[in-house]
Amino acid sequence: METCLLLDAGSGGRASQRLVAQCFLRHFANPLLERLDDAALLEDLDGPLAMSTDTYTVTPLFFPGGSIGSLAVHGTVNDVSMLGARPRYLSCGFILEEGLPLDVLERVAADMGTAARAAGVSIVTGDTKVVPRGACDKIFINTTGVGTVFAAPPPSGHNARPGDAVLVSGALGDHGLTVMGSREGLSFLSDVASDSAPLNHMIADIIAAAGQVHVLRDPTRGGLATTLNEIAEQSQVGIELDEASIPVHESVRGGCSFLGLDPLYLANEGKCICILPEDRAETALAAMRRSPYGLEAARVGTVTAGKAQVTLTTRIGGRRLLGMLEGAQLPRIC
C-alpha cells in the first residue's frame, strides 16, 4: 500500500476503488453509500426539503477543536438546519493533491465519519479527483446536504421584524482566531479552540420550544457583524446591538486586541443567530442553554424600524456603526 496519494487514485480504475474502499467506505459506512451506484436512492424524504452546499479550503487542515473534515460536515449540517430543517443526507466531493500523505487523508475521513455520526446524518454519495502537485493545496472538500423542513413557516433572512429580539447561542470569534493562531504558530493563542459543532439538534429544540422563529443564521465568514448586515438588508430593518451583552471569551478578546482584529467580524463554526418575537426570547434562550453548544447563549440586541444597518452601543455608552467589510479580516478560515 502506498504511503502517498498517486494520480492513479483519481483515475476511476483499481487504484480509485482501493482508495474508496480502504478509506471512505470504512469511515462513512452506511447501506446507501455501500451500494456504490452513480447516485444515492433516497426513498424516505417527504415534504419541503432544504438543500445547501459549501466548499472547504482550510489551512491548516487540523487545528485545536477540529479539522477540515469535521468542519465540512458541521458547516453543511448547520446551513441546512438554519432553514428549520432536519439534515438527513450529505454528499462529499474531494479534490486531492498528488503526493498527499495517505495517513492525512485517513485522518480527515475519520473526522468526517465521526462528525456525521454525532450529527445523525449519513454521507451517501461522493466523488474523488486527484490533481497534479501544485494544482490544489492538499485537500479541498465540497459537501452538499439535504434535509426535511419541519418549521412552519421556515426561518429566513427576510423575516426579521421591528421589535424582534436578537440572540446568539454562545461566545463569538473562537474559530477564526484559532485557525489564524494555528496557521501562524502564535503560541499566545494556545488556549483558544475552534467552536466547530453540529447545531441541528439544538435548532430543533429551539423551534419546538419557542414556536415561530423568524430568522436563523450561522455567523461563519464575516462573523456576527457581517451576517447581521446581510439580515438587515434582506429584511430592510435596523439592528441595534449592546456590546456589553455580546459573549466573547477573554482569550479571544485579548488575542484580537493584540492583533488588531475585531471579534465581531471573526468566523464562527458552532454558533447561531436567532431572531424571533420579543415574548419568545427567554424560552428560546432556555432551549439553547440546555444544549452543550448553547451554554453561553445571550440576548445581544433588538430589531428596529428604519434604515437597514447594524449599530452597536459600546460599553462606555457611545454608538458605532458596524458596516460590512469589503473583504475578510482573515483568508481561508472555512
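Parameters and conventions
Residues numbered from 1 in each chain as written. Predicted model: local features only at pLDDT ≥ 70, side-chain atom pairs only at ≥ 80, totals over all residues. Heavy atoms only, no water. Helix = DSSP H or I, 4+ residues; strand = E, 2+ residues; numbered from the N terminus. Rg over C-alpha atoms; globule rule 2.2 N^0.38 Å. Buried < 20%, exposed > 50% of the residue type's maximum accessible area, 1.4 Å probe, protein only. Contact = heavy atoms within 4.5 Å. Areas by Shrake-Rupley, 256 points an atom, 1.4 Å probe, with all protein chains shown as cover. Lys, Arg positive; Asp, Glu negative; His and termini not counted. Charge placed at Lys NZ, Arg CZ, Asp CG, Glu CD. Domains from an automatic or database assignment. Buried area = accessible area lost by both parts, 1.4 Å probe. Salt bridge = Lys/Arg side-chain N within 4 Å of Asp/Glu carboxyl O. Polar contact = N/O pair within 3.5 Å; in protein donor to acceptor, adjacent residues only side chain to side chain. Pairing = 2+ DSSP bridges. Axes fitted to C-alpha atoms, helices over the stretch in contact; angles between N-to-C directions.

Enquirer: Any chance you could explain the overall build of the protein chain here in plain terms?
Expert: Within the protein chain, the regular secondary structure consists of nine helices and 13 strands. Against the compact-globule benchmark of 20 Å for 334 residues, the protein chain has a radius of gyration of 21 Å, which places it among compact chains. In terms of overall dimensions, the protein chain has a C-alpha envelope of 65 × 50 × 30 Å along the principal axes. Residues counted as buried form 53% of the 334 residues belonging to the protein chain. Restricting to contacts in the protein chain with at least 6 residues of sequence separation, those with at least 24 account for 85%. Total accessible area computed for the protein chain in this model is approximately 14,400 Å², and 52% of it derives from carbon and sulfur atoms. Of note, the protein chain has its 26 positive side-chain charges centred 1 Å away from the centre of its 37 negative side-chain charges.

Enquirer: Help me out: how do you make sense of the domain arrangement of the protein chain in this one?
Expert: Accessible area lost during the coming together of the parts is what is often quoted as the interface size. Domain annotation of the protein chain identifies domain 1 (4-149) and domain 2 (164-322). Centre-to-centre, using C-alpha coordinates, domain 1 lies 28 Å away from domain 2. Listed as interface residues are 19 residues of domain 1 and, on the opposing side, 21 residues of domain 2. Of the roughly 1,700 Å² buried at the junction of domain 1 and domain 2 (both faces included), carbon and sulfur atoms supply 60%. In terms of surface lost to domain 2, no three residues of domain 1 exceed Pro 64, Asn 78 and Met 82, which account for 32% of the buried area on that side. Along the contact surface separating domain 1 from domain 2 lie zero salt bridges. In this assembly, domain 1 and domain 2 are joined by eight residue pairs in polar contact (both at pLDDT 80 or more). Sorting the residues of the side of domain 1 that touches domain 2 by element identifies α3 (68-81) and α4 (102-119) as the ones contributing at least two each.

Enquirer: How do you make sense of the pattern of salt bridges when you look at a structure like this?
Expert: Oppositely charged side chains are able to pair whenever their charged atoms sit close together. All chains considered together, the criterion is met by twelve salt bridges. In this structure, the salt-bridge partner of Lys 129 is Asp 127, at a minimum N-O distance of 2.5 Å. Exposure remark for Lys 129: the relative accessible area of 41% places this residue in the partly exposed category. Of the charged contacts in the structure, one is a salt bridge between Arg 319 and Glu 240, with a shortest N-O distance of 3.8 Å. Residue Arg 319 is found in strand β13 (residues 319-321), and its partner Glu 240 is found in strand β9 (residues 238-242); the two are separated by 79 residues along the sequence. When its relative accessible area of 34% is taken as the criterion, Glu 240 is described as partly exposed.

Enquirer: Please clarify how the sheet that holds strand β8 (residues 215-217) should be interpreted in this entry.
Expert: Where strands meet in a sheet, backbone hydrogen bonds hold them as pairs that are either parallel or antiparallel. The mixed open sheet is built from seven strands, whose spatial order is β8-β10-β7-β11-β9-β12-β13. Edge positions in the sheet fall to β8 and β13, since each has one partner strand and no second. For this sheet the average axis-to-axis angle between neighbouring strands, irrespective of direction, equals 25°. The strands that helix α9 (residues 281-289) touches are β7 (165-168), β10 (273-276) and β11 (298-304); relative to β7, the one it contacts most, it runs at about 5°.

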